Amino acid sequence: MTPDALWSVGYDEEENVRVTRFDPESLQVVTRSEPIRSYFPDAALDPASGTVWVSAVYSVVRVDIAAEAGPSAPATTCSSRPMRSPP
């Protein structure tokens, strides 16, 4: 949970893991990340950096949850990219 949102990490209808942002007042879905291929929905939220780290198959995925400024801007954008260890 952050001051402006509730966050959930769980499986979608196709059994992919997704990070979902909910409005804390209405509990409506505001945005969801791209599907993340994973066996478990284990994650860590880091509000200071605006990221969620999700365990994935053979990697860790960073999901950026940085909010846009301004009253008419989208509340949040989520994108994921795998973080791989060096060879």
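Right above here is the structure, for reference.
None of the values given here were measured: they were computed from a predicted structure. (Residues numbered from 1 in each chain as written. Predicted model: local features only at pLDDT ≥ 70, side-chain atom pairs only at ≥ 80, totals over all residues. Heavy atoms only, no water.)

Observations regarding the sheet that holds strand β1 (residues 6–11)
What counts here: For two strands to be treated as a pair, DSSP must find at least two bridges joining them. Under the DSSP-based scheme used, a helix requires at least four consecutive residues in state H or I and a strand at least two consecutive residues in state E, with every element numbered from the N terminus. The axes are straight lines fitted to the C-alpha atoms, using for helices just the contacting stretch, and the angles between their N-to-C directions are given from 0 to 180°.
One open sheet holds the three strands; their spatial order is β1-β2-β3, and the pairing between them is antiparallel. Among the strands making up the open sheet, the edge pair consists of β1 and β3 (29–32). Averaged over all neighbouring strand pairs, the angle between strand axes comes to 30°, with direction disregarded. Note: strand β2 (residues 17–22) against β3, three bridges, orientation antiparallel.

Some words on the nonpolar core
Stated precisely, the cut-off is as follows: Buried residues of nine kinds, namely Ala, Val, Leu, Ile, Met, Phe, Trp, Tyr and Cys, make up a nonpolar core once their side-chain atoms join them within 4.5 Å. Buried residues are those whose accessible area, probed at 1.4 Å on protein chains only, stays under 20% of the maximum for their type, while exposed residues exceed 50% and partly exposed ones sit between those limits.
By size, the foremost hydrophobic cluster in this structure holds eleven residues: A5, W7, V17, V19, I36, V52, V54, A56, V61, V63 and I65. Elements represented by at least two residues in this core include exactly β2, β5 (51–56) and β6 (59–64). When residues in this core are grouped by element, the largest group, three residues, is from β5.

A word on unusual backbone geometry
Of note, the phi angle at E15 is positive, near 65°, even though the residue is not glycine. Position of E15 among the secondary structure elements: in the loop between β1 and β2. Non-glycine residue L27 carries a positive phi angle of around 60°. Mapping L27 onto the fold places it in the loop between β2 and β3. Take L27: its relative accessible area is 53%, and that puts it in the exposed class.

Such coordinate-based values are descriptive only and should not be taken to indicate function.
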